[in-house]
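Working through the structure, step by step
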Amino acid sequence: MEPRTEQASFAAGCFWGVAAYFKRVKGVVRATAGYCGGSTENPSYEQVCGGRTGHAESVLVEFDPAIVPYERLLYHFWKIHNPTQVNRQGNDIGSQYRSVIFTHSEGQREAAEGSKIELERSGHYRHSIATAIESATEFWPAEEYHQDYLAKNPAAYCHVDLSNVD
């Protein structure tokens, strides 16, 4: 019997590490690197990096909510990047590296907003949370060479700690 899956979309800096991390989360069926939140149809990596399409490097996560609830995916999202940074993560700078939760339903929006408020109130960060919460727009998969990039290029730079998936 096929599991019933749902989709979640996150932007947390360079999509290589974000996709690799989410693929390691139990209950995630697929994590695809791509582009979301912009205005250009089927943008290329070069167009997105040029900063004129409005897209963020994003990951479309297909997950089984019976194994990993959306709220747990939010936990992982907050854990793997610095949500106080604007238009950057680590060495990557530009609006394409901004922090965004793209929601696919009203339930996801409510959960995302609640988790953001909770994190803000926790005092974990000295600065305000800069992460945007937006309705998901069309997701455009990145070029094939970006899929599973860190598995293909283990020495590549990555701002995400892939050793600490719980």
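Report follows, based on the coordinates. Keep in mind it's a predicted model, so treat the numbers as computed, not measured. (Residues numbered from 1 in each chain as written. Predicted model: local features only at pLDDT ≥ 70, side-chain atom pairs only at ≥ 80, totals over all residues. Heavy atoms only, no water.)

Turning our attention to the environment of Ile117. With respect to the helices and strands, the residue Ile117 is situated in helix 4 (residues 106-122). Here the alpha-carbon distance between Ile117 and Ile129, two residues twelve residues apart in the chain, equals 8.8 Å. (Helix = DSSP H or I, 4+ residues; strand = E, 2+ residues; numbered from the N terminus.)

Now for the pattern of salt bridges. Pairs may arise between side chains of opposite charge once their charged atoms sit close together. Following the criterion strictly, the structure yields five salt bridges and no others. Between Arg109 and Glu113 there is a salt bridge, with its nearest N and O atoms 3.6 Å apart. Within this pair, Arg109 and its partner Glu113 are both found in helix 4, separated by four residues, close to a single helical turn. (Salt bridge = Lys/Arg side-chain N within 4 Å of Asp/Glu carboxyl O.)

Inspection of the secondary structure puts Arg126 in the loop between helix 4 and strand 7 (132-135). Given a relative accessible area of 79%, Arg126 falls into the exposed group. Considering only alpha carbons, one finds Arg126 and Thr84, 42 residues apart in sequence, at a separation of 8.7 Å. (Buried < 20%, exposed > 50% of the residue type's maximum accessible area, 1.4 Å probe, protein only.)

Take the packing of helix 3 (residues 70-79) against helix 4 next. Relative orientation of the contacting elements helix 3 and helix 4 amounts to 45°, with a least axis distance of 10 Å. Relative to helix 4, the element helix 3 lies oblique. Seen from above, helix 3 lies across helix 4 with right-handed handedness. Along its contact with helix 3, which presents Tyr70, Glu71, Leu74 and Trp78, the element helix 4 presents Gln108, Ala111, Ala112, Ser115, Lys116 and Leu119. Of the residues belonging to the contact of helix 3 with helix 4, the class tally is six nonpolar, two polar and two charged. (Axes fitted to C-alpha atoms, helices over the stretch in contact; angles between N-to-C directions. Parallel < 35°, antiparallel > 145°, perpendicular 65-115°, else oblique. Left-handed = near helix turned anticlockwise from the far one by under 90°. Contact = heavy atoms within 4.5 Å. Nonpolar A, V, L, I, M, F, W, Y, C, P; charged D, E, K, R; others polar.)

If you check the backbone angles, Asn87 has positive phi at about 55° while not being a glycine. Mapped onto the fold, Asn87 is located in the loop between helix 3 and strand 4 (88-89). Note on Asn87: relative accessible area 30%, which makes it partly exposed. Although it is not a glycine, Asp148 sits at a positive phi angle of roughly 55°. On the secondary structure map, Asp148 appears in the loop between strand 8 (140-141) and helix 5 (149-152).

With that settled, the discussion passes to the packing of aromatic side chains. In this structure the tally under the stated criterion is nine aromatic pairs. Judged by centre distance (3.7 Å) and plane angle (10°), the rings of Trp16 and Tyr149 are stacked. Highlighted residues: Trp16 in helix 1 (residues 15-23) and Tyr149 in helix 5, separated in sequence by 133 residues. Look at Trp16 and you get buried, because its relative accessible area is 17%. Note on Phe77 and Trp78: the rings are 5.0 Å apart at their centroids and 65° apart in plane angle, and the pair reads as edge-to-face. Its relative accessible area of 0% is what places Phe77 among the buried residues. Here Trp78 falls in the buried class, since its relative accessible area comes to 9%. Of the aromatic side chains, those joined through ring pairs into one cluster are Phe10, Tyr21, Phe22, Phe63, Tyr70, Phe77 and Trp78. (Phe/Tyr/Trp six-rings, centres within 6.5 Å; stacked < 30°, edge-to-face > 60°.)

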